[in-house]
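In case you want the letters, here they are:
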Amino acid sequence: MKTFYIETFGCQMNAHDSEKVIGTLVSEGYSQVAEPEQADLILYNTCSIRDKAEQKVFHRLQQFKKGHGKGKVFGVLGCVAQQEGERIFERAPHVSLVAGSASYAKLPQMLVQLESGDRRVTGLSLDTEEAFDTPFTRRDNPHRAYITIIEGCDKSCAYCVVPFTRGPERSRTSASVLKEARELASMGYTEIQLLGQNVNSYRDPSPAAWDFARLLRAVGEVDGIRRVRFTTSHPRDFVKDIVDAIEENPVLCNHVHLPVQSGSTEVLRRMQRLYTRDDYLRRIAWMKAARRDISITTDIIVGFPGETEADFEQTLSLLDEVQYDSLFSFKYSRRPNTPALTLDDQIPEDEKSRRLTFLQEHQRAIQIRRNSGLVGTFDQAFVEGYNQATGQWIGRTTQNRTLNFIHPLQAGPKDGETLIGKYCNVRITRAGPNSLAGEAVDCV
Ligand code: SAH
Ligand code: SF4
Ligand code: F3S
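Residues numbered from 1 in each chain as written. Chains lettered and ligands numbered in written order. Predicted model: local features only at pLDDT ≥ 70, side-chain atom pairs only at ≥ 80, totals over all residues. Heavy atoms only, no water.

> Describe the packing of aromatic side chains, naming the residues involved and giving the relevant values.
Counted under the stated rule, the structure contains seven aromatic pairs. Geometrically, the ring pair formed by Phe312 and Phe358 is edge-to-face, given 6.4 Å between the ring centres and 65 degrees between the ring planes. Of this pair, Phe312 sits in helix α12 (residues 309–322) while Phe358 sits in helix α13 (residues 349–372); the two residues are 46 residues apart in sequence, bridging distant segments of the chain. Ring pairing ties together the aromatic residues Tyr159, Phe304 and Tyr332, which thus form one cluster. (Phe/Tyr/Trp six-rings, centres within 6.5 Å; stacked < 30°, edge-to-face > 60°. Helix = DSSP H or I, 4+ residues; strand = E, 2+ residues; numbered from the N terminus.)

Written as structure tokens, this is what we have:
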């Protein structure tokens, strides 16, 4: 039996790609093992969004250089593979497969080449029309499933490698998305997460020509599906109809991740984000005006070239104005091929670190305040796991908050009985900056 090990870095798109790669390998007669030492084929599905992420794969490959890697086949997949291409063979000569996400449909052929002893197999074409739409996907989680609706990105944000590593936008047909959603429902999945680097620019390639809001509504109607999430939204293409769709159907989770990157219109212009602070705030206003309480989260980059102290303060004031429920924040990292690479006025590393820490503390105070306001209320948690150490079930609310709770009758999984996969109504008794805690009232 041929064995493989895979480690995945990066975003949910990569996580889902790995699920498809695993399914494809298993269907080709490979079996997955938990440790690289046991594997014949070692794969890294990589991310290159920031320099640190890119370095990880080279560290991993280095670890095997000193002999442990003998007789094994190494493959680099994903965004670093697409970005670095054949240069990876120079940097890590023991690698024999380099393939980007647009080429995974050809994995079976590439495996045959590897098995016949080919030492340099590549899949780097970005102009492939074939979607990696495989029947073999091995989903990690038996209750929540990802569905890719659009691949690639047509924006050109000045700092970002994704348009180079994932190629141009390609949407799947609405019929194929709905077929997958129905199949997942019939297999017992109750939560679906629609994926794309910019789901808002989804455009059904079939004559129906559905836009994203239309697709979202239709997925929300699939029998058996109780929660639908989507990520990520680009503010420029985020239309009010999406908010209306969320208002109409409680199956569509009341959480929108709307990455802003900066609160300064001037920085947004230099980032080529295609919206101003006011444009962004208009979209926030649609959500705040909704009857449902829509949770809003975001991504921020600090220290983009030329970001002044006044620009940074604009970002802090945006956090106060929007009142995000959480955010991901990053120090600007210079990336190959991107327009911002050559910009003057790079911000020193220690100044970026100072801004990042300051921003995170500022946001932490906002989250403590917002979460404390929820103590005493009730919410529904979709149960994802159990924490042995604390004796709490781990759940998630429709607003995407972590809600850990105890159940008066079910202290933990026992005799095959578990709450995982169920929906529990929980009374919230405590709040921290990043999670809530409570006691279950009932579960279905
Ligand atoms: N398509 C998504 C973003 C995907 S990348 C969108 O447009 O919102 C996820 C996040 O990584 C981005 O939102 C951004 O905040 C961050 N990021 C991307 N490139 C970066 C870089 N060069 N340096 C630092 N952070 C970066
Ligand atoms: Fe990158 Fe911008 Fe595309 Fe998002 S929209 S993936 S940040 S280029
Ligand atoms: Fe990273 Fe590629 Fe995703 S660069 S964030 S794995 S699209």
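> Just give me the short version of the sheet that holds strand β18 (residues 423–431), but keep the residues and values in it.
Taken in spatial order, the five strands line up as β15-β16-β17-β19-β18 and close into a barrel, and their pairing is mixed. Direction aside, the axes of adjacent strands within the sheet are offset by 55 degrees on average. (Pairing = 2+ DSSP bridges. Axes fitted to C-alpha atoms, helices over the stretch in contact; angles between N-to-C directions.)

> If you had to explain the pattern of salt bridges to someone new, which residues and values would you point to?
Inspection of the entire model under this criterion finds 34 salt bridges. For the salt bridge of Glu84 with Arg87, the shortest nitrogen-to-oxygen distance reads 3.1 Å. The exposure class assigned to Glu84 is buried, which follows from its relative accessible area of 11%. Because the salt bridges share partners, they merge into one network encompassing Arg144, Glu191, Arg229, Glu384 and Arg396. (Salt bridge = Lys/Arg side-chain N within 4 Å of Asp/Glu carboxyl O. Buried < 20%, exposed > 50% of the residue type's maximum accessible area, 1.4 Å probe, protein only.)

> Give a detailed account of the nonpolar core, specifying residues and quantitative values.
Within the largest apolar cluster, 68 residues are counted, with the highest numbers of intra-cluster contacts made by Ile149, Leu194, Phe212, Val219, Phe230, Tyr280 and Met287. Considering every element that reaches this core, the biggest residue donor is helix α8 (residues 212–220), with six residues. Other than its neighbours up to four places away in sequence, Met287 contacts Phe238, Val243, Val256, Leu258, Arg292, Ile294 and Ile296. Counting residues in hydrophobic clusters, the runner-up holds 21 residues, among them Ala39, Val57, Phe74 and Val98. (Core = buried A, V, L, I, M, F, W, Y, C linked by side-chain atoms within 4.5 Å. Contact = heavy atoms within 4.5 Å.)

> Lay out the packing of helix α7 (residues 174–186) against α8 in plain terms, naming residues and giving numbers.
Orientation of α7 relative to α8, taken along the N-to-C sense of each, is 25 degrees, at an axis distance of 10 Å. In terms of their interaxial angle, α7 and α8 are classed as roughly parallel. Crossing of α7 against α8: the hand is right-handed. Between α7 and α8, the contacting residues are Ser174, Val177, Leu178 and Ala181 on the first element and Leu215, Ala218 and Val219 on the second. Looking at the contact of α7 with α8, its residues break down into six nonpolar, one polar and no charged. (Parallel < 35°, antiparallel > 145°, perpendicular 65-115°, else oblique. Left-handed = near helix turned anticlockwise from the far one by under 90°. Nonpolar A, V, L, I, M, F, W, Y, C, P; charged D, E, K, R; others polar.)

> Go over the domain arrangement of the protein chain with me, naming the residues and quoting the values.
Domains assigned within the protein chain are domain 1 (2–123), domain 2 (130–371) and domain 3 (378–443). For domain 2 and domain 3, the distance between their C-alpha centroids amounts to 27 Å. At the interface, 20 residues of domain 2 touch 19 residues of domain 3. Of the roughly 1600 Å² buried between domain 2 and domain 3 on both sides combined, carbon and sulfur atoms contribute 42%. When the area that domain 2 buries against domain 3 is broken down by residue, the three leading residues are His143, Arg227 and Asn371, summing to 37%. (Domains from an automatic or database assignment. Buried area = accessible area lost by both parts, 1.4 Å probe.)

> Could you give an account of the site of ligand 1, naming the residues involved and the relevant values?
Around ligand 1 sit 15 residues in total, of which Tyr159, Gln197, Gln261, Asp299 and Ser333 are the nearest. Arg50 is positioned with one of its side-chain polar atoms (N or O) 3.2 Å from an oxygen atom of ligand 1. Elements that contribute at least two residues to the shell around ligand 1 include exactly β13 (295–302) and β14 (326–331). Tallied by class, the residues present in the shell around ligand 1 amount to six nonpolar, four polar and five charged. (Near = heavy atom within 4 Å. Polar contact = N/O pair within 3.5 Å; in protein donor to acceptor, adjacent residues only side chain to side chain.)

> A description of the state of the cysteines should follow, citing residues and the corresponding values.
The final tally for this structure, using the stated rule, is one disulfide. Across the disulfide, Cys424 is cross-linked to Cys443 (sulfur-sulfur distance 2.2 Å). The S-S bond linking Cys424 to Cys443 shows a torsion near 105 degrees; that makes this disulfide right-handed. Of this pair, Cys424 sits in strand β18 while Cys443 sits in strand β19 (residues 435–443); the two residues are 19 residues apart in sequence, bridging distant segments of the chain. Looking at Cys424, the relative accessible area reads 0%, which means it is buried. (Disulfide = S-S within 2.5 Å.)

> Tell me what's going on with the sheet that holds strand β5 (residues 95–99), and back it up with residues and numbers.
As summarised here, the arrangement of the six strands in space is β2-β1-β3-β4-β5-β6, forming an open sheet in which the pairing is parallel. Across the chains shown, the open sheet's two edge strands, defined by having one partner strand only, are β2 (30–32) and β6 (121–123). Taking each pair of neighbouring strands and ignoring which way they run, the sheet shows an average axis angle of 25 degrees. Sheet contacts for helix α1 (residues 12–27): β1 (2–8), β2, β3 (41–46) and β4 (73–77); angle to β1, the most-contacted strand, approximately 175 degrees.

> Let's hear about the site of ligand 3: which residues, and what values?
Ligand 3 sits among Cys11, Asn14, Cys47, Ser48, Ile49, Cys79, Arg166 and Gln197. Residues that form the shell around ligand 3 fall into these classes: four nonpolar, three polar and one charged.

> How would you summarise the side chain of Glu54 if you had to cite specific residues and measurements?
Among the secondary structure elements, Glu54 is positioned in helix α2 (residues 51–63). The class of Glu54 is buried, set by a relative accessible area of 5%. One polar contact links Glu54 to Arg335, side chain to side chain, over a distance of 2.6 Å. Excluding anything up to four places from it in sequence, Glu54 contacts Cys47, Ser48, Val80, Gln83, Glu84, Arg91 and Arg335.

> Account for the pairing of β5, with residues named and values stated.
Taking burial as the measure, the five residues of β5 include five buried ones, the bulk of the element. Taken together, the four bridges between β4 and β5 define a ladder with parallel strand orientation. If you follow Val76 over to β5, its bridge partner there is Val98. As defined by bridge partners, β5 adjoins β6 across three bridges and the pair is classed as parallel. What sits directly across from Val98, in β6, is Thr122. As a crossover connection, the stretch from β5 through helix α5 (residues 107–115) into β6 is left-handed. (Right-handed = clockwise from strand over helix to strand, strands pointing away.)

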